[in-house]
Amino acid sequence: MGDKEKKGSLLDGGNGRLKPRIYERKLVKEMVSEELEVLWDDGYGTNTVKDYLYEAKDMIKNDGGPPRWFCPIECGRPIKDSPVLLFLPGLDGVGMGLILHHKALGKVFEVQCLHIPVHDRTPFQGLVKLVEETVRLEHASRPNSPIYLVGDSIGGCLALAVAAHNPTIDLVLILANPATSFGRSQLQPLFPILEAFPDGLHVTIPYLLSLVMGEPLKMATVGIEGRLPPRQKIEQLSGNLTTLLPLLSGLADIIPKETLIWKLKLLKSASAYANSRLHAVKAEVLVLASDKDNMLPSREEAQRLKNLLPNCNIRCFKDNGHTLFLEDNMNLLTVIKGTCKYRHSWRHDFTSDFLPPSMSEYKYAFDEVAGLIRFASGAAMFSTMEDGKIVEGLAGVPNEGPVLLVGYHMLMGLELACLIEAFLREKKIMIRGAAHPELFWGNFQTSSNEFSFSDWMKVMGALPVTANYLFKVLSTKSHVLLYPGGAREALHYKGEQYKLFWPDQPEFVRMAARFGATIVPFGTVGEDDIVELVLDYHDWMKIPVVNDKIKEAIRGGIKIRDKTKGEVAREELFVPGLLPKLPGRIYYLFGKPIKLKGRDDLLENREDANEMYLQVKSEVEQCIAYLLKKREEDPYRGIIDRTIYSALYASLDQVPAFKL
């Protein structure tokens, strides 16, 4: 092929039609939607490893062509102004390693996958040049948009090499078990044996590789509904394994003996090349590491890269193997959202870059992540209509925004999960919760570096409690959750339950009035029915070693909290000592909506704003007092009574409470 034809193939996926890429993108933009709906279908679980093996079988036919880009049909059309995502495959080179994620990623990215034919022998530097040309062309067409490089295994080395060569281009690298640790692979002694392996026995290698590279159980679990009874889960898992194992023989065609030997040599050169240029990498990097990677020491490598690269975060997956993208419990888009890596410009914006949760994320978050607290708390929701009548459910909360929900923050935020879930389930409304800045800019991540509860809070709409973001989110007519008491209420001391610790400034009232928002005061009770506070801040400070650690943590967080320059900056963060109780119940009462549309006097007169502020605070206290009194009349306050009722009559979400 001539140089001109090669460049056309590189741009258009080698499908024989050399249309200009910029023209194609313009056409697509005219046909896509502006944004995603809440609980949209991301298609996760509809494709499995079996689909990968079927697709790979069709793509490995020898056409004599060079490495090329293609866009999977399943990706469809993305939303407006979606950034480009280039997938750099692992050892197989097929380019279908993201098949479980195509539908989800295709909604918010312009996805292109690199295909390296089975019999292609392009050296590593040649692959670097190919990817680099594509990156520079994409950057030239949209210089203000980031370019995502998702590298799997050896693809991670490729992404790092390209980033090292292009430090001025805005790149976001997502590396899954990068092969930069190939020199320390636990399988190094076995690689020379493969070269001497008899041709007749090569058909057994795919089965060995499948056990080394991935976790068959995690692969077979993809697509199994988490809400199914255990018996049905086992039946589906057994059926999936029975179907999957015979298909693994197809790996012998995807990676024949000569190709495998070549790929191992390519791995060695790729690892050396990338490692020698790590000092030049300035890009934003997210490393995804599997604890059960039997091919590479991925967890240790992730920590090494974090120490070497200036802008690197890591997330570890304790139950997954080397083929992370083909296994269960790993939705790539969810990880991107939870680590705040999705953006349209040079930095992440918590309003314009926010992607609402999909249905699969909703199910996993509230069945697996927060399933225990939802079961234990048995949340009972009540709201107040405009005529003052209290009703069950959330009918009294306006559907149209902007709405500002202002209430009491329960100990350790025990009320959050059930509140967010109820609005999604009953009203299909996404609540944007204003959270402490430490969650986003501090050292909130656990030492295990796993995808944790704090990451899921970001997936479910949490944003920093700053005036700037409150302004932005109200301007989009959203439903916003605000706790004026903040961490002081959520981390209160003994004997302070259900007391409000609100600052003196009525700024949220003036902000709500500026956008004509509706304020809905609400109260929650039930923390004393779920846990017992045994060690508060004063108790911890009496313990010498813990005392020093808390002071050190507070000093380390000063720089982060100073960004907000408000009440938040003076909060002392600690983890209280709690003991679980035999669960009671959490109750919510949303008060009568307070409409501020047309109340310009609240902007001009501080006394009027302060009066409205005190009214909201008083109504929150009245809601709490009402619930504390009425919960004594609830026959299903205890978990045993609720469980019996739900087993006989209805689901836990439909268990009645006290009479109104």
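As recorded in an unreviewed UniProt entry, the protein goes by the name Acyltransferase-like protein At1g54570, chloroplastic isoform X2, listed as coming from Durio zibethinus. According to its UniProt record, the protein has this under Sequence similarities (unreviewed entry): "Belongs to the diacylglycerol acyltransferase family."

Draft legend 1. View of the sheet that holds strand S6 (residues 284-290). Sheet architecture is open: 7 strands sit in the order S1-S3-S2-S4-S5-S6-S7, paired in mixed fashion. Each edge of the open sheet carries a strand with a single partner, namely strand S1 (68-70) and strand S7 (312-317). Put simply, the sheet's adjacent strands are angled 20° from each other on average, direction ignored. Pairing of strand S4 (residues 147-152) with strand S5 (residues 171-176) involves 6 bridges; the strand directions are parallel. Following the sheet pairing, Ile147 is matched in S5 by Leu171. Relative to S6, helix H13 (residues 298-308) is tilted by about 160°, and along the sheet it contacts S6 and S7.

Draft legend 2. Region of the structure containing helix H5 (residues 124-141). Over its 18 residues, H5 extends 26 Å from the first C-alpha to the last, a length consistent with the 26 Å expected when each residue adds 1.5 Å. Looking only at H5, the buried set comprises Phe124, Leu127, Val128, Leu130, Val131, Glu132, Thr134, Val135 and Glu138.

Draft legend 3. Layout of unusual backbone geometry. Pro402 follows Gly401 through a cis peptide bond whose omega is 0°. Relative to the helices and strands, Pro402 is located in the loop between strand S9 (390-392) and strand S10 (403-407). Although it is not a glycine, Ser153 sits at a positive phi angle of roughly 60°. With respect to the secondary-structure elements, Ser153 resides in the loop between S4 and helix H6 (154-165). Phi is positive for Tyr498, which is not a glycine, with a value near 70°. Assignment of secondary structure puts Tyr498 in the loop between helix H21 (486-490) and helix H22 (507-514).

Draft legend 4. Quick look at the packing of H6 against helix H12 (residues 257-275). Two numbers describe how H6 lies on H12: the axes approach to 9 Å, and their chain directions differ by 35°. In the packing of H6 onto H12, the handedness of the crossing is left-handed. Contact residues: Ile154, Cys157, Leu160, Ala161 and His165 in H6; Leu266, Leu267, Ala270, Ser271, Tyr273 and Ala274 in H12. Class assignment for the residues of the contact of H6 with H12 results in 9 nonpolar, 2 polar and no charged.

Draft legend 5. Looking closely at the packing of aromatic side chains. According to the stated counting rule, one finds 23 aromatic pairs in the structure shown. Relative to Phe658, the ring of Phe382 lies with its centre 4.6 Å away and its plane at 15°, an arrangement referred to as stacked. Of this pair, Phe382 sits in strand S8 (residues 380-384) while Phe658 sits in the segment after helix H29 (639-648), and the two are 276 residues apart along the sequence. The class for Phe382 is buried, based on a relative accessible area of 2%. Three or more aromatic residues joined by ring pairs form one cluster here, namely Phe382, Tyr587, Tyr626 and Phe658. Stacked on the ring of Phe354, the Lys or Arg Arg432 has its end atom at 3.9 Å from the ring centre. The ring of Tyr493 has Arg488 sitting right over it, with the charged end atom 4.3 Å from the ring centre.

Draft legend 6. Structural context of H29. The complete set of buried residues in H29 reads Ile639, Arg642, Tyr645 and Ser646. Each buried residue of H29 lies within a common arc of 130° when the element is viewed along its axis, so the set occupies one face. Those residues of H29 that are exposed and aimed more than 90 degrees away from the buried face are Ile640, Ala647 and Leu648. Buried positions along H29 lie against helix H16 (371-377).

What counts, and at which threshold
Residues numbered from 1 in each chain as written. Predicted model: local features only at pLDDT ≥ 70, side-chain atom pairs only at ≥ 80, totals over all residues. Heavy atoms only, no water. UniProt positions renumbered as here; feature names shortened; annotations may be inferred. Pairing = 2+ DSSP bridges. Helix = DSSP H or I, 4+ residues; strand = E, 2+ residues; numbered from the N terminus. Axes fitted to C-alpha atoms, helices over the stretch in contact; angles between N-to-C directions. Contact = heavy atoms within 4.5 Å. Expected span 1.5 Å × (residues − 1). Buried < 20%, exposed > 50% of the residue type's maximum accessible area, 1.4 Å probe, protein only. Left-handed = near helix turned anticlockwise from the far one by under 90°. Nonpolar A, V, L, I, M, F, W, Y, C, P; charged D, E, K, R; others polar. Phe/Tyr/Trp six-rings, centres within 6.5 Å; stacked < 30°, edge-to-face > 60°. Lys NZ or Arg CZ within 6 Å of the ring centre and 35° of its normal. Arc of directions from axis to C-beta.

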